[in-house]
Amino acid sequence: TNTGGSGSGGGGGGIMTRVPGGVRGKRKRVVVTGGAGFVGSHLVDRLIERGDSVIVVDNMFTGRKDNLLHHIGNPNFELIRHDVVQPILLEVDQIYHLACPASPVYYKFNPTNVMGTLNMLGLAKRVGARFLLTSTSEVYGDPLQHPQAETYWGHVNPIGVRSCYDEGKRTAETLAMDYHRGAGIEVRIARIFNTYGPRMCLDDGRVVSNFVAQALRKEPLTVYGDGKQTRSFQYVSDLVEGLMRLMEGEHIGPFNLGNPGEFTMLELAQVVQETIDPNAKIEYRPNTEDDPHKRKPDISKAKELLGWQPTVSLREGLPRMVADFRQRLSGESKGSVS
Ligand code: NAD
Ligand code: UDP
Ligand code: UDP
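Thresholds, definitions, all that
- Residue numbers restart at each chain and count upward from 1, following the sequence in its written direction.
- Note on labels: chains are lettered from A, ligands numbered from 1, in written order.
- Predicted model: local features are reported for residues with pLDDT of at least 70 only, side-chain atom pairs are reported and counted for 80 or more only, and whole-chain, interface and lining totals are derived from all residues.
- UniProt positions are given in the numbering used here, feature names are shortened, and annotations may be inferred rather than shown by experiment.
- In these notes, a nonpolar core means any group of buried Ala, Val, Leu, Ile, Met, Phe, Trp, Tyr and Cys residues linked to one another through C-beta atoms within 7 Å.
- Residue burial here comes from a neighbour count, namely the number of other C-beta atoms, placed from the backbone, that lie within 10 Å of the residue's own C-beta, with 20 or more meaning buried, 12 or fewer meaning exposed, and in between meaning partly exposed.
- Each helix is a run of DSSP H or I of at least 4 residues and each strand a run of E of at least 2, with the numbering of both proceeding from the N terminus.
- Any two residues are considered in contact once their C-beta atoms, placed from the backbone, lie within 7 Å.
- Defining nearness, a residue is near a molecule or strand when the C-beta atom obtained from its backbone falls within 6 Å of it.
- For this classification, Asp, Glu, Lys and Arg are treated as charged, while Ala, Val, Leu, Ile, Met, Phe, Trp, Tyr, Cys and Pro are nonpolar and the rest, including Gly, are polar.
- Whether two strands pair comes down to DSSP finding at least two bridges between them.
- Here the axes come from fitting lines to C-alpha atoms, over the contacting stretch only for helices, and the angles between their N-to-C directions go from 0 to 180 degrees.
- Handedness rule for crossovers: strands pointing away from the viewer, path from the first strand over the helix to the second running clockwise, crossover right-handed.

Naming follows an unreviewed UniProt entry, where the protein appears as UDP-glucuronate decarboxylase of Lupinus angustifolius. Listed under Function (unreviewed entry) in UniProt, the entry text for the protein is "Catalyzes the NAD-dependent decarboxylation of UDP-glucuronic acid to UDP-xylose. Necessary for the biosynthesis of the core tetrasaccharide in glycosaminoglycan biosynthesis."

1. A short note on the nonpolar core
Membership of the largest hydrophobic core comes to 77 residues, with the highest contact counts inside it found for Ile-95, Tyr-96, Phe-131, Val-212 and Leu-243. Element by element, the count of residues in this core is highest for helix α4 (residues 207–216), at seven residues. Not counting residues up to four positions away in its chain, the partners in contact with Leu-243 are Leu-43, Tyr-96, Leu-132, Ala-190 and Leu-257.

2. A word on the site of ligand 1
The immediate surroundings of ligand 1 are formed by 31 residues, with Gly-34, Gly-37, Val-39, Gly-63 and Cys-100 found nearest. Breaking the shell around ligand 1 down by element, the ones donating at least two residues are α1 (38–50), α2 (112–127) and β5 (130–136). Top contributing element to the shell around ligand 1 by residue count: α1, with three residues. In terms of residue class, the shell around ligand 1 is built from 14 nonpolar, 15 polar and two charged.

3. Re unusual backbone geometry
A cis amide bond links His-146 with the next residue in sequence, Pro-147, at an omega value of -10 degrees. For Pro-147, the position within the fold is in the loop between β5 and α3 (163–183). Phi is positive for Arg-199, which is not a glycine, with a value near 80 degrees. Tracing the sequence through the fold places Arg-199 in the loop between β7 (195–196) and α4. In this model, Lys-218 sits at a positive phi of 65 degrees, which is unusual for a non-glycine residue. Among the secondary structure elements, Lys-218 is positioned in the loop between α4 and β8 (221–224). Classification of Lys-218 by C-beta neighbours within 10 Å gives exposed; the count is 11.

4. A few points about the environment of Ala-124
Structurally, Ala-124 can be placed in helix α2. Spatially, the C-alpha atom of Ala-124 lies 8.5 Å from that of Glu-186, the residues being 62 residues apart in sequence. Excluding anything up to four places from it in sequence, Ala-124 contacts Ile-95, Ala-129, Phe-131 and Ile-185.

5. Here's the deal with the sheet that holds strand β4 (residues 94–97)
Read across the sheet, seven strands follow the order β3-β2-β1-β4-β5-β6-β11 without closing on themselves; strand pairing throughout is parallel. At either margin of the open sheet sits one strand with a lone partner, and together these are β3 (77–81) and β11 (255–257). When strand polarity is set aside, the average angle formed by the axes of neighbouring strands in this sheet is 20 degrees. The pairing of strand β6 (residues 187–192) with β11 spans three bridges and is classified as parallel. Looking at the pairing, Ile-192 lines up with Leu-257 of β11. Sitting on the sheet, α2 touches β1 (29–33), β4 and β5, and the angle it makes with β4 is about 170 degrees.

6. Some thoughts on the site of ligand 2
Around ligand 2, the neighbouring residues are Pro-87, Ile-88, Leu-89, Leu-118, Asn-119, Gly-122, Leu-123, Lys-125 and Arg-126. Split by residue class, the shell around ligand 2 holds five nonpolar, two polar and two charged.

7. A few points about the pairing of strand β2 (residues 53–58)
Within β2, six of the six residues are buried, which leaves the element mostly enclosed by the surrounding structure. Residue alternation in β2 divides its side chains into two sets, Ser-53, Ile-55 and Val-57 and Val-54, Val-56 and Asp-58, and both sets are buried. Judged from the five bridges that link them, β1 and β2 form a sheet pairing that is parallel. Bridge pairing in β2 places Val-32 opposite Val-56. Taking the sense of rotation as the criterion, the β-α-β connection linking β1, α1 and β2 turns out right-handed. Relative to β3, β2 runs parallel, the two being bridged by five bridges. Opposite Asp-58, over in β3, you have Arg-81 as the bridge partner.

As structure tokens, this is what we get:
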């Protein structure tokens, strides 16, 4: 395999060539931080399938080796256990920066968004790689504009319980733009809206994974607050397609990547009931502080400039996730018997 080739998209070994998508015939060297996680592992599948040489950097905080087992032994794949809060030296052409404690249960713990992003930008600067940041719709906070377009600056409580995530990602966007303006780094920014699919963490507290796991375990679906708050749910393969188009394209962004189909949490509970168990009960719980009341992406910009839009509806995507959860949960109950 060729992991030493220089001159492909974004340059290698400090050579700054501006060839989008890389020189044909040369294997691209791509780092995916957070590649053992939910979104990252699906992205790795696509990059490997395309013939890239992929290095995953992940501290396994919420990621799982299981998500990548099928690539172990492939000479074009490497898994490095490393916390991106610490510097790292690699020679690569592209960096997809996903590492982040992304779920509400975990994201309070860690300065990954700021320190990790800084280190990956430093790496991009040293080797002339192109850098893609996975930011989030949370940068819009509890939005006063609906649906949210990229031009909206957001409504975020800087001292609230969610702020290390929201503000961490906002800072990450700022760092990316500063490295772009100050050091000429090629950056790309995606603002990802709620995404679901196979390999999601079973118990990280996000609503789709909670409802699906609860319905399969014959537990009540926990609806927080009155259940009238809305979200827009995107299937993971649509997101990965959008991320790859963004990386290969000529536009910095930010770009909203999400599915504009908007659901209240009660409507989501209903879709889960229809898909898994019509008799599943609903149990109301107090809502978390600063919970955004509604969220729906305006994706006009991604449609126009990336030629991208989602293709999988919630009713099509949910059964694919349920099949994966069913299998993983059956392993869980076998484990508890033995
Ligand atoms: P995930 O938790 O499944 O994946 C995150 C990965 O990052 C995990 O494998 C974890 O072990 C790793 N990680 C965390 N801290 C790290 C560190 N300090 N060093 C190295 N690795 C570290 O979450 P995901 O849903 O796959 O999210 C991926 C990215 O997409 C995140 O940046 C997240 O903020 C963003 N995003 C996701 C969603 C969504 O709905 N899934 C929405 C908006 C944004
Ligand atoms: N960095 C890294 N890998 C590299 C280059 C830099 O992890 O290949 C880290 C570096 O340790 C620093 C951060 O990225 O903490 C920012 O690097 P930069 O060169 O931009 O800043 P400086 O070191 O000049 O403050
Ligand atoms: N939520 C819920 N039940 C759950 C988990 C979450 O009703 O078991 C609600 C939560 O209050 C929020 C919405 O679902 O209004 C989406 O929550 P999630 O944490 O999945 O995503 P985010 O708030 O980051 O969009």
